[in-house]
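Structure assessment
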Amino acid sequence: MDQNVIEITGLKKRFDKSGFVLDLPRLTVREGYVTGFIGENGAGKTTTIKLVMDLLFPDEGEVRVFGREAHAFSEQIKRDLGYIGEQTGFLGQAKLRTLREMVKPFYPNWDDVVFRRYLDRFSLDPGKKFKDLSKGKQKQFALALALSHHPKLLLMDEPTANLDPLVRQELLDILADEIEQEGVSVFFSTHITSDLDKIADYILFLHGGKLLLEGEKDVLTDSHRIVKGRRELLTGEVERLLCGVEATEFGFRGLAGDPGAVHALLGDEALYEKPTVEDLFLGYTRRERGEAR
Amino acid sequence: MKEMLSVIRMDLLKLRSVAGAMFPLLIIVFFLSATLSVSAAVFLYVIVVYFFVYTPAAYDEQSKGDYLTGSLPVRREKLVAAKYLYDLAVVAGACLAALAAGGIGAALKLGRGGSVTGMLPVLILIGCAFTAFVQPLILGFGVTRARYWILAAYAFGVAAATVLGMNVGGTRAQMPSALPGWLAPLLILFGAALLAVSYPIARRLYARRQFTD
């Protein structure tokens, strides 16, 4: 499993009304892994996913899924792709069994056994209307449908947004099961960084339409450190080695991309902690905003 | 072909899901049409075409149905073809409903006489014209953005039905039992020509449509 299920090269997408530009020279999603896509609101996460889904068209560049061009081969690609968008698109007045009837004929690999298993697991009544479900149940149903045709790639846009912690954890557990049993590749966008801590193998940070940071999650968290120390230790030289620095009159906190260099200056007078995904995201995002000022 | 039939099936299932709200209204209109006059059957036809083409699309857009459709493994051109086939089925169904209403009225000797059968080519033309105008707008711009143009098309259809009912044969609410022989196929051909022009326009618009909402 060393191929890329998604490859984006030289991508540019402009929105004239808002002035927003998505600029991705290169973005890849590895096969067989969970790739988390994180960014603040308006960073371009949904735009990127829509470009992969052929719901939007790039102004420049190319999007490839399973090695094939996303627009020209959209029909073939979508047979092996499960999609859960921020908006599910399911008719609210339709019953769950009717929605299954709508979707099933499009997928040669549809598996009713899997579908019924997920309905049971999520305690979903097929006779209920979609609009009568809670937000969490709606997402669970969307996941059940998406997984019931044995997709090779699961593409999700903010799948855990508006879910309570219990439901969110269950959804993440199911994703973990699917990856282990079926070898499904997962690409999902979120602004809930703790989800990425729990499940992601690779993470991509998006900010202002640009990729800030990407890599294997464990490598990124191992290669960075949160540095904390007394205020007087924060010299100009130290500050240049940190990003996202927060300083009060008593102390400071910052993210070090080269902890060795910081340790060479501060030694054991500072504390060095392994960052979470949120620490990485905040550090780099604040650095970008600081440079913009 | 399989994907097109799956899209039509999906649209019929959507229609069934939203029909609960429309069904009582349609029943009332049907019986009013049967008891009033033949021209009322023409009104029934226009209402059925409008509701069955526009209303499911409106409900669907309310639920952001484009995201579901966009995620399904079906090419955009096949989706457009399926929409037109569905609309033709609606036109056929509306004709049957108008015929049934007119037939019941005639059998019960209600209304003011006349025959819907004779006006079938005109009804087909109205249905084809409505589809030809409305479907590119729905596919190209979405129901919400195109709603005023669609309402205008509906108003025109109602006006056309009114003019037909009042002025054909020079007698109010009377219709001839049949159109002149040369006119009927011409009207149907004209309807087909409108669809033949509309279809590639709809395909082009939908092929270029991007879902930014």
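Everything here concerns the structure above.
Values in this document were obtained by computation on a predicted structure and should not be read as measured data. (Residues numbered from 1 in each chain as written. Chains lettered and ligands numbered in written order. Predicted model: local features only at pLDDT ≥ 70, side-chain atom pairs only at ≥ 80, totals over all residues. Heavy atoms only, no water.)

Section: the interface of chain A and chain B
Worth spelling out the cut-off: Working rule for contacts: check all heavy atoms of both residues, and any pair within 4.5 Å makes them a contact. When two parts are brought into contact, each loses some accessible area as probed by a 1.4 Å sphere; the total of that loss over both is the buried area. Salt bridge criterion: a side-chain nitrogen from Lys or Arg within 4 Å of a carboxyl oxygen from Asp or Glu.
If you look at the interface, chain A gives 28 residues, while chain B gives 34 residues. Taken together, both faces of the contact between chain A and chain B bury some 2900 Å²; the carbon and sulfur share is 59%. Broken down residue by residue, the surface that chain A buries against chain B is led by Leu-55, Glu-75 and Phe-106 of chain A, which jointly contribute 24%. Seen at the junction of chain A and chain B, the total is three salt bridges. Notably, a salt bridge pairs Arg-9 of chain B with Glu-101 of chain A, separated by 2.8 Å at the nearest N-O pair.

Thoughts on the nonpolar core
Our working definition: Residues grouped as a nonpolar core are buried Ala, Val, Leu, Ile, Met, Phe, Trp, Tyr and Cys residues, joined through side-chain atoms within 4.5 Å. Partly exposed residues are those whose accessible area sits between 20% and 50% of the maximum for their type, while under 20% is buried and over 50% is exposed, using a 1.4 Å probe and protein chains only. Helix numbers and strand numbers start at the N terminus; a helix is a DSSP run of H or I with at least 4 residues, a strand a run of E with at least 2.
By size, the foremost hydrophobic cluster in this structure holds 105 residues, and its most contacted members are Ile-6, Phe-141, Leu-143, Leu-154, Leu-155, Phe-187 and Phe-205 of chain A. It is helix 5 (residues 135-147) of chain A that provides the largest number of residues to this core, a total of seven residues. Ignoring sequence-local partners within four residues, the contact set of Ile-6 of chain A consists of Leu-27, Thr-28, Val-29, Val-52, Arg-64, Leu-153, Leu-155 and Phe-187 of chain A. Among the nonpolar cores identified, the runner-up in size contains 42 residues, and Leu-15, Tyr-45, Val-49 and Leu-187 of chain B belong to it.

As for the environment of Ala-176 of chain A
Tracing the sequence through the fold places Ala-176 of chain A in helix 6 (residues 165-182). Its relative accessible area of 34% is what places Ala-176 of chain A among the partly exposed residues.

Quick word on helix 5 of chain A
Residue and element names in this part refer to chain A. The condition that has to hold: In this analysis, the expected span of each helix is defined as 1.5 Å times one less than the number of residues it contains.
Taking 1.5 Å per residue, 13 residues should reach 18 Å; helix 5 reaches 18 Å between its end C-alpha atoms and fits that length. In terms of residue burial, helix 5 counts as a mostly covered element, since eleven of its 13 residues are buried. Taken residue by residue, helix 5 has Gly-136, Gln-138, Lys-139, Gln-140, Phe-141, Ala-142, Leu-143, Ala-144, Leu-145, Ala-146 and Leu-147 as its buried positions. Tucked inside the fold, the buried residues of helix 5 contact strand 6 (81-84), helix 3 (96-103), helix 4 (112-121), strand 7 (153-157) and helix 6.

A word on the packing of aromatic side chains
One pair of aromatic rings is described through two measures. These are the centre distance and the angle between the planes. Residue and element names in this part refer to chain A. Rules: The aromatic pairing rule takes the rings of Phe, Tyr and Trp, using the six-membered ring of Trp, and pairs them if the centres are within 6.5 Å, calling planes under 30 degrees apart stacked, those over 60 edge-to-face and the rest tilted.
Under the counting rule described, the total for this entry stands at 15 aromatic pairs over all chains. Taken together, a centroid distance of 5.9 Å and an interplanar angle of 20 degrees make the contact between Tyr-118 and Phe-122 stacked. Judged on exposure class, the residue Tyr-118 and its partner Phe-122 are both buried. Here a set of aromatic residues connected by ring pairs shows up, and it is made of Phe-90, Trp-110, Phe-115, Phe-130 and Phe-141.

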